[in-house]
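# Structural overview for review
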Amino acid sequence: MLSTYITALTEYGIRTGLTPACERIYTINLLLEIFHEDEYIEPEQVPELELEEILKELLDEACRRGIIEDSIGFRDLLDTKIMNCLLPRPAQVQKEFFEKYNRSAVEATDWFYKFSQDSDYIRRYRIVKDQKWKTTSPYGEIDITINLSKPEKDPRAIAAAGAAKSSAYPKCQLCVENEGYAGRLNHPARENHRIIPLTINGSQWGFQYSPYVYYNEHCIVFNGEHTPMKINHDAFVKLFDFVKQFPHYILGSNADLPIVGGSILSHDHFQGGNYSFAMANAPIEKELSIPDYEDVKAGIVKWPMSVIRLQCTEIDRIIALADHILDTWRGYTDEAAFIYAYTGETPHNTITPIARKKGDLYELDLVLRNNITTDEHPLGVYHPHANLHHIKKENIGLIEVMGLAVLPARLKSEMSQLKEAILAGNDLTQDEVLAKHADWVAEFLPKYAAVNAENIEQILQHEIGQVFVQVLEDAGVYKCTEEGRTNFMRFINAL
């Protein structure tokens, strides 16, 4: 049976273009070595199976042979090693990419995105488990996802990771040293990972896709050096340097302060891709004219967070105005609006920038952020407030800012239980798991004349979407109210 599945995997590699047909025997021998097997019998018939099924059979065999323990952590370490047997070396991938790029940037990224999926770096069979829908809002259609593609480690893997020897290599999951790294239980395996080198603002950067692809062609562009994130003039230059090279992609950066920043502030990186986010589609609600920058079209975006949009055919002029806005915002305090640039020596103001090209115009969205905390809001004043934590408690990073909710996996189970409990008329306050949702359900249920098995899921999806809209409104430093817009204009007038 081992020979059958090794052959099936090799044929998959040839069929997808990962493995040249002339390397068939070589690939089979690499796979035999992983399983400590000296014998190979050519199967009379090779079933054409899905990759997930082939890998499952091979990993089950590895468990039976005692090569790995049967847990998700160990299985994920081994299957990347298995897949790497099918793949070309990094230099070959880079050569192929740039040959295609010389014809078309779109052709190059299309090929690399497919390669990253065929190689199982992006695990298609896990991504499809994510729950996704759109919800209406006053700001346009908002994307909602419940992330199910990151596997939860079982207790054995967690215990083994805790007992493992600590290592500082690679320094983080974004470092170039991840390419080809075998991984360990507390650091993902990346043997089937390939990076495209790019020159961004005169320095070496890497281009790859996110293994969790929250949206179409979700890419990560990262500094070749392990250096902290910083929103400054150079960050704006880098964003547009990439967009010039890949004009069909957007690129944005998380803010560079805790609470309002991303999960990895220690490594300079951006995220982008080929997707039209709700924020990008949102209109300008008020046009602005900034002194000395009248040639740059500017405006406040109709969006729950506080966004200034800049447009111009000249990138240098956009960056010059962005520098001016950032420098002003960094030091801006307005006590009446509860905006404090500093408490003591701790800075609070920063920006989440997103660059794109639309037709002949370059465009930069600048989202004003502030990470101040209070006793009432210890996780952040401009952060999801406590009444929303039953749905979303985590930081609001770049992806959420643009209008795509990345909600925790626990919601899948909780919403399933909640549907049954609502239809049964149960007292949610008496349910240990669902009690946190009780006030929310009590608030929205009266809005619906009928709640039944046919519409309960649609109702819950809509109401989860409305919670996320409130999350974005909480994260906005200037609210979409008359008072909020007056406060916003006070900052604009300070420019």
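The paragraphs below set out a description of the structure included in this document. Not measured: the values here are computed from a predicted model.

The rules behind these values
- Residues numbered from 1 in each chain as written.
- Predicted model: local features only at pLDDT ≥ 70, side-chain atom pairs only at ≥ 80, totals over all residues.
- Heavy atoms only, no water.
- Helix = DSSP H or I, 4+ residues; strand = E, 2+ residues; numbered from the N terminus.
- Rg over C-alpha atoms; globule rule 2.2 N^0.38 Å.
- Buried < 20%, exposed > 50% of the residue type's maximum accessible area, 1.4 Å probe, protein only.
- Contact = heavy atoms within 4.5 Å.
- Pairing = 2+ DSSP bridges.
- Axes fitted to C-alpha atoms, helices over the stretch in contact; angles between N-to-C directions.
- Expected span 1.5 Å × (residues − 1).
- Arc of directions from axis to C-beta.
- Phe/Tyr/Trp six-rings, centres within 6.5 Å; stacked < 30°, edge-to-face > 60°.
- Salt bridge = Lys/Arg side-chain N within 4 Å of Asp/Glu carboxyl O.
- Parallel < 35°, antiparallel > 145°, perpendicular 65-115°, else oblique.
- Left-handed = near helix turned anticlockwise from the far one by under 90°.
- Nonpolar A, V, L, I, M, F, W, Y, C, P; charged D, E, K, R; others polar.

Now for the overall build of the protein chain. Tallying secondary structure elements over the protein chain gives 16 helices and 15 strands in all. Taking 495 residues into account, the globule formula puts the C-alpha radius of gyration at 23 Å, and the protein chain, at 25 Å, falls close to it. Across its three principal directions, the C-alpha atoms of the protein chain cover 75 × 60 × 45 Å. Classification of the 495 residues of the protein chain by burial places 55% in the buried group. Considering only residue pairs separated by 6 or more positions, the protein chain has 64% of its internal contacts joining residues 24 or more positions apart.

Below, the discussion takes up the sheet that holds strand 1 (residues 131-135). On the basis of which strands lie adjacent, the open sheet formed by three strands has the order 1-2-15 and mixed pairing. A single partner strand is all that each edge strand has here, and the edge strands are strand 1 and strand 15 (404-407). The mean angle between the axes of side-by-side strands here comes to 20°, regardless of whether they run parallel or antiparallel. Where strand 2 (residues 142-146) lies against strand 15, four bridges are found, and the strand directions are parallel. Bridge assignment links Asp143 to a residue of strand 15, and that residue is Leu404. Strands strand 1, strand 2 and strand 15 of the sheet are contacted by helix 15 (residues 456-475), whose axis makes an angle of about 70° with strand 1.

Our next topic: helix 4 (residues 72-84). Look at helix 4: 18 Å from first C-alpha to last across 13 residues, which is about the 18 Å you get at 1.5 Å a residue. Summarising burial for helix 4: ten of the 13 residues are buried, a large majority. Residues Gly73, Phe74, Arg75, Asp76, Leu77, Leu78, Asp79, Thr80, Ile82 and Met83 constitute the buried set of helix 4.

This brings us to helix 2 (residues 24-34). What helix 2 keeps buried is the set Thr27, Ile28, Leu31, Leu32 and Ile34. Angular distribution of buried residues about the axis of helix 2 spans 155°; they occupy a single face of the element. In helix 2, those exposed residues whose orientation departs by more than 90 degrees from the buried face are Ile25, Tyr26 and Glu33. Immediately beyond the C-terminal end of helix 2, within one or two residues, lies His36, with a positive phi of roughly 55°.

Taken together, ten strands build an open sheet; the order of strands is 3-4-5-7-6-13-14-10-9-8 and the sheet is antiparallel. Each edge of the open sheet is held by one strand with a lone partner, namely strand 3 (196-200) and strand 8 (284-288). On average, each strand axis in the sheet is inclined to that of its neighbour by 25°, with strand direction left out of account. By the bridge criterion, four bridges tie strand 5 (residues 219-223) to strand 7 (residues 269-273) in an arrangement that is antiparallel.

What follows covers the packing of aromatic side chains. Within the structure shown, the criterion is met by 34 aromatic pairs. Pairing Phe97 with Phe246 gives two aromatic rings, centres 6.4 Å apart and planes at 45°, and the pair type is tilted. Of the two residues, Phe97 sits in helix 5 (residues 90-101) while Phe246 sits in the loop between helix 9 (233-245) and strand 6 (250-252), which places them 149 residues apart along the sequence. Assessed through its relative accessible area of 0%, Phe246 is described here as buried. On the basis of an interplanar angle of 55° and a centroid distance of 5.3 Å, the ring pair of Tyr101 and Phe246 is categorised as tilted. Of this pair, Tyr101 sits in helix 5 while Phe246 is found in the loop between helix 9 and strand 6, placing the two residues 145 residues apart along the sequence. What makes Tyr101 partly exposed here is its relative accessible area of 25%. Feature note: the residues Phe97, Phe98, Tyr101, Trp111, Phe112, Tyr113, Phe115, Phe207, Tyr209, Phe242, Phe246 and Tyr249 constitute an aromatic cluster, connected by ring pairs.

This model, assessed by the stated rule, comprises 37 salt bridges. Arg24 is paired through a salt bridge with Glu11; the nearest N and O atoms lie 2.8 Å apart. Of this pair, Arg24 sits in helix 2 while Glu11 sits in helix 1 (residues 2-16), and the two are 13 residues apart along the sequence. Using a relative accessible area of 25% as the deciding quantity, one classes Glu11 as partly exposed. Lys114 is the salt-bridge partner of Asp118, the closest N and O atoms lying 2.5 Å from each other. Residue Asp118 and its partner Lys114 are both found in helix 6 (residues 105-118); the two are separated by four residues, about one turn of the helix. Of the residues examined, Asp118 reaches a relative accessible area of 5% and is grouped as buried. Salt bridges linked by common partners bring Asp76, Asp79, Asp120, Arg123 and Arg126 together as one network.

Let us look at the environment of Ile250. Here Ile250 shows up in strand 6. The exposure class assigned to Ile250 is buried, which follows from its relative accessible area of 9%. Between the C-alpha atoms of Ile250 and Lys302, which are 52 residues apart in sequence, the distance is 19 Å. In this structure, Ile250 is in contact with Phe242, Gly272, Gly273, Tyr275, Phe277, Ala355, Arg356 and Met402, ignoring residues within four places of it in sequence.

Moving on, we come to the packing of helix 9 against helix 11 (residues 315-330). Two elements in contact, helix 9 and helix 11, have axes whose closest approach is 9 Å; the angle formed by their N-to-C orientations is 150°. One finds that helix 9 runs roughly antiparallel with respect to helix 11. Between helix 9 and helix 11 the crossing geometry is right-handed. The segment helix 9 lies against helix 11, with His233, Phe236, Val237, Phe240 and Lys244 engaging Ile315, Ile318, Ile319, Ala322, Asp323 and Leu326. Across the contact of helix 9 with helix 11, the residue classes break down as eight nonpolar, one polar and two charged.

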